[in-house]
Amino acid sequence: MVLFDCTIEATCGHARALSYETAHGTFHTPMFMPVGTSATVKGITVDQLHQLNSQVVLANTYHLSMRPGADLVEEAGGVHKFMNYDGPMLTDSGGFQVFSLADTLKLDADGLTFRSIYDGSYVRWTPESNMHIQEQIGADIVMQLDQCTPYPAERSFVANAVDLSANWARRCLAAHKRPDQTLFGIVQGGMFKDLRSESARQLIDLDFEGYAIGGLSVGESKDVMMEMLYHTAPILPSEKPRYLMGVGTPLDIIKGIDAGVDMFDCVLPTRNARNGTLYTSLGKLNIKRREFAEDDGPLDPACNCYTCRTFSRAYLRHLYASQELLSFRLNSIHNLTYFLDTVRGARAAIREGRWAEYKRRYEELYDV
């Protein structure tokens, strides 16, 4: 096995099916990563992740560095041993979380200072210290520290952020030394196509092993987000994996695949599960609705997950209405299954030349 070897197996237009080698195994794309912010996917055990055939789990550098602390994770043998998960993992840099704390943030060319949401202490990050933290945590794929721009934002502000992020990308590359771990660059540029192109150009010149698209789904309209996505993804190197950060709905993922993206993550499946919103082959469904109180049918007759095989809609509604903890788990199992099945189906459709038909089915289901 050659670490971080990327193989393109099939294409349909911009849509691709890849395989990618990591120290903890090979994953296949298109791929959805369940979000395990604090080294756990909420309500889901490691055994259940394996039963769901989840390939890669995402953890968050900000939260793990604050609690329990990167030193403790490192002493435990890294995040894989800490949470007893033996598959590939990815950590984001935590930059999005830091920049969302704008009222406590102080930014300069060298790095940033912010207050912890846990104990109020001041924390200083530089690209170099952020790389050290991610090496301590030990995920297979790590992300550069970048400046995330809000929406809306003035062009001059976004342009400065693009240049700062490129400078930090160079410093992250220089600081990152762990050979069993690969580093991705993050394209920024707000809602300006030329700045997206410039950000991509600067990062491509640095020859990262993979490229992420950041700064989308931050308040802009769906039309604007898709315009930026369809502009950005195809200009990234075709021989490297492409990752759309923090997006999104099933239709967002389908359109992302169509634009040429390989990897996705979002808290939506588990967060919406806890709110009673479930995704099915018949469309989106709210299990708390009165109409399901006496419905003895499965949640989704086309789904073979544990929840759909075992329990009725009426029972799932009862659990949610009673605020039983089992509700959150069963709903999360189903939603994660749906998202994982969606990308597995996309991969099969690309490999079999059926991508246009597959994409159209999701557009008819969700583009309403």
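Note that this is a predicted model, so its numbers are computed, not measured. (Residues numbered from 1 in each chain as written. Predicted model: local features only at pLDDT ≥ 70, side-chain atom pairs only at ≥ 80, totals over all residues. Heavy atoms only, no water.)

Q: How should I be thinking about the nonpolar core in this particular structure?
A: Phe32, Trp125, Ile257 and Trp355 are the most contacted members of the largest nonpolar core, which totals 93 residues. With ten residues, the single largest contributor to this core is helix α13 (residues 325-351). Apart from the residues lying within four places of it in its own chain, the contact partners of Ile257 are His14, Ala15, Pro30, Phe264, Val343, Ala346, Ile350 and Trp355. Phe4, Val56, Phe184 and Ile186 belong to the second-largest nonpolar core, a separate cluster that totals 19 residues. (Core = buried A, V, L, I, M, F, W, Y, C linked by side-chain atoms within 4.5 Å. Buried < 20%, exposed > 50% of the residue type's maximum accessible area, 1.4 Å probe, protein only. Helix = DSSP H or I, 4+ residues; strand = E, 2+ residues; numbered from the N terminus. Contact = heavy atoms within 4.5 Å.)

Q: How should the sheet that holds strand β8 (residues 112-115) be read in this particular structure?
A: Whenever strands of a sheet pair, they do so through backbone hydrogen bonds, lying parallel or antiparallel. The strand order β7-β8-β9 describes an open sheet built from three strands, whose pairing is antiparallel. Strands with a single pairing partner mark the edges of an open sheet, and in this sheet they are β7 (106-107) and β9 (122-125). Sheet analysis places β8 next to β9, joined by four bridges and oriented antiparallel. Bridge pairing in β9 places Phe114 opposite Val123. (Pairing = 2+ DSSP bridges.)

Q: Just to check I follow, could you spell out helix α5 (residues 127-137) for this structure?
A: For an α-helix, the turn length of 3.6 residues means that residues three or four places apart are oriented alike. Taking burial as the measure, the eleven residues of α5 include eight buried ones, the bulk of the element. Among all positions in α5, only Pro127, Asn130, Met131, Ile133, Gln134, Glu135, Gln136 and Ile137 are buried. Trailing α5 by a residue or two, Gly138 shows a phi angle of about 90 degrees, which is positive.

Q: I would appreciate a short explanation of the pairing of strand β2 (residues 15-22) in the present structure.
A: Residues in a regular strand project their side chains so that they alternate between the two faces of the sheet. Counting buried positions along β2 yields eight of eight residues, so the element is predominantly enclosed. Note: strand β1 (residues 6-12) against β2, six bridges, orientation antiparallel. Counted as the bridge partner of Thr7 is Ser19 from β2. Between β1 and β2, which pair antiparallel and follow one another directly, the connecting turn spans two residues, one of which, Gly13, has a positive phi of 65 degrees. Relative to strand β3 (residues 25-28), β2 runs antiparallel, the two sharing four bridges. Residue Glu21 lies in a different strand from β3, and its bridge partner there is Thr26. Connecting β2 to the antiparallel partner β3 that follows it, the hairpin turn spans two residues.

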